[in-house]
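So you can see what is in the structure, the chains are spelled out below.
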Amino acid sequence: MTAELIHRLHFAFTITFHYLFPQLTMGLALLIVVLKSVALKTGSEQWDRAARFWGRIFAINFVFGVVTGIPMEFEFGTNWARFARLSGGVIGQPLAMEGVFSFFLESAFLGLFLYGEKRISKLMHWFSAVMVFVGSWVSGFFIIVTDAWMQHPVAYDRLPNGQFEVLSFWQLLLNPWALLQYAHNMTGAVITGSFVMAAVGAFYLLEGRLDEYGRVFLKVGVIAGLVASILIIFPTGDLHGKYVARNQPAAMAGMEGLFKTENGAGMVLIGQPNEDTGQIDNPIVVNDALSFLIYGTTKAEVKGLDQIPHDQWPTALPLLFYAYHIMAGLGTWFALLMIVSAFLLWRERLYTARWALWALLLSFPLPYIANTAGWMTAELGRQPWLIYGLMRTSEGYSNTVSASNGLFTLLGFMGLYLLLGILFTVLIYREISNGPEPKLPAVEAIQAD
Amino acid sequence: MMGFIWFWLVAVMIVGYVVLDGFDLGVGVLHLFLVRTEAERRATLASIGPVWDGNEVWLLAGGGTLYFAFPLLYASAFSGFYLPLMIVLWLLILRGVSLELRNHLEVGVWRVLLDGLFGLSSALLTIFFGAALANVLRGVPLQADGYFFLPLWTNWQPGPHPGILDWYTVIGGLLALVALTLHGALWLTIKTSGELEDRARRVVTPLWFVLVALTAVSLAATIAVRPASLNNYFNYPATFIVPIGVVASLGGIWLFNRKVQPVKAFLSSCLYLFFMLAGACWGLYPTLLPATTGADRDITLSRAISGPHTLAVGLVWWGFGMVLAIGYIVFVYSKFRGKVDLRAGGH
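Below is a short write-up of the structure.

A word on a nonpolar patch on the surface
Residue and element names in this part refer to chain A.
1) Next: Taken together, the side chains of Leu269, Ile270, Ile284 and Val286 define a hydrophobic patch exposed on the protein surface, amounting to about 350 Å² of accessible area.
2) Next: When residues of the nonpolar patch are traced back to their parent elements, those giving at least two are β4 (267-274) and β5 (279-286).
3) Next: Along the chain, the position of Ile270 falls in strand β4.
4) Next: We classify Ile270 as partly exposed; its relative accessible area is 48%.

Here it is, written out as structure tokens:
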């Protein structure tokens, strides 16, 4: 195993595990604001309890997100030192800004939200929820800006020693790639949050307990899920895809498995790319669809891999193809499921339609898979580049850290994250089993002593 | 000029981290020995519950600031200290999880395990942070290209080919352990009440004597390992105010703890940490990471600094962002000021 592969796996493994948590907290933060707003407006104790319940779920996820997020900032230096040395002047900025502008805000108001409810007014508690939402979404923005610069470098100059320097701060922050990716990614986070909320609601109704909460969770989850499942396809996914096709033709050709340049390119719904023959095996194709989706006309030319030098092909072509197709396929399922569920909700039949409740319950893992697959699409599509067109991945890893040392810590992370995963599952299951009703005062008193 | 400013801004982030996360690390070490009942343990943990995560943000924000202001230093130090940093990450993960999740679990066995993990990881973190600082002061075997890689230990001597741990850096680790445990004890005298408060106050005395001894030993050891540390002081004799400040703040800890003025005693401890760290930074300046392989390989300020435009732009948003951040921090600490009262919503 080469050092380059180990360092790639190290980053990929730790960030994939990390992002399981923020995608829920960012989505939930928005939904908790919705719950708190209704509670504040109506004075309903039930919606307040619902908000507190999701606050507890949020808190557990937040802790796992924080502790698995710290390694990410370190790994730029530990595992990708040569990249960090050249890029610090540019992407060090959004990373430091995340800490300065978002983490301080988020941690301060989360402390107030979780520990301070009895010390502050109802309005202040609502405001804390809003600030936690703002903090987590600002945090997401700075990370996307960092990634977007690696995908689509803008507003930079090179110093004589090879280091990159920012030429325009605002162009860095308003990189068109970043704005499109941010819209798409945050919509994805809302999908995770709303699917999880709807699934817990469906779980309570199917179990026949905590019905009143189950209905609240379903209502909020399905409405938010419907909006997000449509926005993820149109306009955010559509626009982002068009931008990728124009700026990273190799990535788009790999995602679609388009080996040959075509006028009127078809879209492969399913199949297996065969790098030896340059074809898709067992394909199911919609004719002309790809040209139409990218350029708005069925006859447009779409660049295939044949026009791209072989040393610039995405290095893990089949995985890129599958990641993209898994994301897109699941996205289609999300829209279908939520349209049907919202229709049933509107006709007041959702709460008794057990087949729909089962579908909602069983679908909760799928947004995690789709979000992960989406990120794999973005990052595998960027290969073999670390900074697109400017620096190759093979030029960026820490060459003083041997493959053996890298493997040592990768295995350490795997073991630790296995433990964390088990602990997380137990904790979340217990919170959901306990439900939103407050515990009996007697139990609380015993615990306090 | 930009180099001077950013050197001290990064130093401010480090001081902010040590002073703030320092007391919750110290509480983590102490709670294993100091508390007798579950109620006391809850009060102890509630005293840091709402703030520890924000305190840890100083480490992240500091790391980010280092990354963009001094990319060469960030790249070289983080890859060179690869193994200890990964261990620090694992400890930070264990600590955060064990602290935050014990209250979600009612089962006694789980709580005992998580409390033990929290205390152990806190203690090891203070030792690693102290040793890390000592590594920077001692210097590392930098290659001509600005990189290095340190094993965890070699022959335990601080010579030209040291390991992360040698007798000098172990002293640094122990100093940090004692200083932060004392810092945490003083925090508990502010935040807790009753017998727990008395016990916290009593534990300060023995810790103080050890701290004074270790401070003297580490100072002598630093001068022995890197005599150049004194150059700035002799060139600018007014800066001998820093060691005087160390002595004065040590006196303040003793005096105010004796007179049962916990806030003043805690602030003295903050000043002690500030003077110690500022003194170490001043001993290095303008070197950022000395080389044991020859002074021409030192990573210096002028070698590591980012481009001028990056730094100028950074100064604007950094200043603005930190003013905002200090605003939230003051707000949160004022909302949770006073003694922990378990009856009032767990705080």
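Side note on the pairing of β4(A)
All names here are of chain A.
1) Next: Pairing between β4 and β5: six bridges, direction antiparallel. Counted as the bridge partner of Pro273 is Ile280 from β5.
2) Next: The turn linking β4 back onto β5 is made up of four residues, and Gly278 within it adopts a positive phi angle of 70°.

Some thoughts on unusual backbone geometry
Residue and element names in this part refer to chain A.
1) Next: Geometrically, the link from Phe234 to Pro235 is a cis peptide bond, its omega value of 5° lying close to zero.
2) Next: Inspection of the secondary structure assignment puts Pro235 in helix α8 (residues 211-247).
3) Next: Cis geometry is found at the peptide bond from Gln383 to Pro384, where omega equals 5°.
4) Next: Within the fold, Pro384 resides in the loop between α13 (366-382) and β7 (385-387).
5) Next: In this structure, Leu210 is a non-glycine residue whose phi angle is positive, near 55°.
6) Next: Looking at the element boundaries, Leu210 is found in the loop between α7 (176-207) and α8.
7) Next: Take Leu210: its relative accessible area is 15%, and that puts it in the buried class.

What to know about the interface of chain A and chain B
By convention, interface size is frequently given as the accessible area that disappears when the constituent parts associate.
1) Next: Contacts between the two partners involve 75 residues from chain A and, on the opposite side, 73 residues from chain B.
2) Next: Here chain A meets chain B over a buried area of about 6,800 Å², counting both sides, of which 71% is carbon and sulfur.
3) Next: Of all residues in chain A, Phe104(A), Tyr115(A) and Arg119(A) bury the most surface against chain B, accounting for 12% of the area lost on that side.
4) Next: Run the count over chain A and chain B and you get zero salt bridges.

Conventions and cut-offs
- Residues numbered from 1 in each chain as written.
- Chains lettered and ligands numbered in written order.
- Predicted model: local features only at pLDDT ≥ 70, side-chain atom pairs only at ≥ 80, totals over all residues.
- Heavy atoms only, no water.
- Patch = residues over 30% accessible without salt bridge, like charges linked within 9 Å, V, L, I, M, F, W, Y side chains within 5 Å.
- Areas by Shrake-Rupley, 256 points an atom, 1.4 Å probe, with all protein chains shown as cover.
- Salt bridge = Lys/Arg side-chain N within 4 Å of Asp/Glu carboxyl O.
- Helix = DSSP H or I, 4+ residues; strand = E, 2+ residues; numbered from the N terminus.
- Buried < 20%, exposed > 50% of the residue type's maximum accessible area, 1.4 Å probe, protein only.
- Pairing = 2+ DSSP bridges.
- Contact = heavy atoms within 4.5 Å.
- Buried area = accessible area lost by both parts, 1.4 Å probe.

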